[in-house]
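# Breakdown of the fold
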Amino acid sequence: SSATYVPLSQLAELSMGSGRYQVLHQQAQRVQTVTANVVGRDLASFVKDAKAQIAVKVPLPAATTIVFAGEEEAQSRTLKTLLVDAFLALIGITLVLSIVARNARNLVLVLANLPFAFVGGVFAIAASGGTLSLGSMVGFVALFGITLRNSILMIAHYEDLVREEGKSWSLETAIEGAADRLTPILMTSLVTALGVLPLAVGMNEPGREIEGPMAVVILGGLISSLALNLLVLPTLALFYGRFAAPSARDELAQGWAGAGEGRAAE
């Protein structure tokens, strides 16, 4: 049979119009995507308010569900992982420090520097807009590591002054130890602050949603930690620290260990 050509106008009426050119499906269900760019507030609070408003004001047809995905979902998942890992790391660090610190009081003094940094980080968040984001949490984790190092430097030097140099634990020893550790602690904090300063200055630029808040928290925490570590921590160590010279039993044990090593060498 021969083909027959019929004008399309005889079969249908054609006209230009606007409408969807693609119908999306996921798991045998139709999908409608609604996007939004959040400005001036954090994603977590925006999603929380959006869910509350939709539940009250938007009646949904049967078999219709709303799923919040995208950057907020990724941030929420990453934040949970970060908190779990940071908690496990803190437990491990505390166990190691408990072995090195020799007594519970000195361990508490080392950990006392964490609230010093926390205060500055909270004030920095409040001054920059009062938004606790994923970048801020990362900044706190990094900040706690830096401040722990500074407090370990201070307490370990106090122990060396008393145990190795034979000085009595007094106000003069506390001031001398703080003065000796002023330069290394100050240089560590200053180098870190200068490294993150450009990120903090341009925190509102595109692409710095994580690095900007992180840098602001680190800067604020370093300022408060530096001041309190050099002023408050020596005072706390003076009244609550326990630094003592090696006892006769320790010296005898060291002597026997040295004698054993000498025999082994022979």
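My aim in this report is to walk through the structure given alongside it, one point at a time. All chains use their own residue numbering, which begins from 1 and follows the written sequence. Predicted model: local features are reported for residues with pLDDT of at least 70 only, side-chain atom pairs are reported and counted for 80 or more only, and whole-chain, interface and lining totals are derived from all residues. Side-chain measures here rest on the full set of heavy atoms in the structure, leaving out hydrogens and waters.

### Some remarks on the nonpolar core
If you look at the biggest cluster of nonpolar residues, it comprises 21 residues, and the most contacted ones within it are Met154, Ile155, Tyr158, Trp169, Ala237 and Phe243. Going through the elements one at a time, helix 3 (104-111), helix 4 (113-127), helix 5 (134-163), helix 6 (171-180) and helix 8 (211-240) are the ones with two or more residues in this core. Working rule for contacts: check all heavy atoms of both residues, and any pair within 4.5 Å makes them a contact. The residues contacting isoleucine 155, other than those within four sequence positions of it, are Asn106, Leu109, Val110 and Phe243. In these notes, a set of buried Ala, Val, Leu, Ile, Met, Phe, Trp, Tyr and Cys residues joined through side-chain atoms within 4.5 Å is what counts as a nonpolar core. Here the term buried applies to any residue with accessible area under 20% of the maximum for its type, exposed to any over 50%, and partly exposed to those in between, with areas from a 1.4 Å probe on protein chains only. Ala117, Ala124, Met214 and Leu219 belong to the second-largest nonpolar core, a separate cluster that totals 16 residues. By the criteria applied, helices consist of DSSP H or I runs no shorter than four residues and strands consist of E runs no shorter than two, each listed in order from the N terminus.

### Side note on the packing of helix 7 (residues 182-201) against helix 8
Here an angle of 0 to 180 degrees is reported between the N-to-C directions of two axes, which are lines fitted to C-alpha atoms, with helices fitted over the stretch in contact. Close contact between helix 7 and helix 8 brings their axes to 8 Å; oriented N to C, the two are set at 160°. Between helix 7 and helix 8, the crossing angle belongs to the class labelled roughly antiparallel. For the element pair helix 7 and helix 8, the recorded crossing hand is left-handed. Contacts between helix 7 and helix 8 involve Leu182, Ile185, Leu186, Ser189, Thr192, Ala193, Val196, Leu197, Leu199 and Ala200 from the former and Glu211, Gly212, Met214, Ala215, Val216, Ile218, Leu219, Leu222, Leu226, Asn229 and Leu230 from the latter. Small angles under 35 degrees read as roughly parallel and large ones over 145 as roughly antiparallel, with 65 to 115 read as roughly perpendicular and the rest as oblique. The handedness criterion is simple: a crossing whose near helix is rotated anticlockwise from the far helix by less than a right angle is left-handed, and one whose near helix is rotated clockwise is right-handed.

### With respect to the pattern of salt bridges
Basic side-chain nitrogens of Lys or Arg form a salt bridge, by our definition, when they fall within 4 Å of a carboxyl oxygen of Asp or Glu. Per the stated rule, a full pass over the model turns up 2 salt bridges. Here glutamate 165 makes a salt bridge to lysine 167, at a shortest N to O gap of 3.8 Å. The salt bridge involving lysine 167 is made with glutamate 176; its shortest N-O contact spans 2.4 Å. Bridged by salt links that share partners, the residues Glu165, Lys167 and Glu176 form one connected network.

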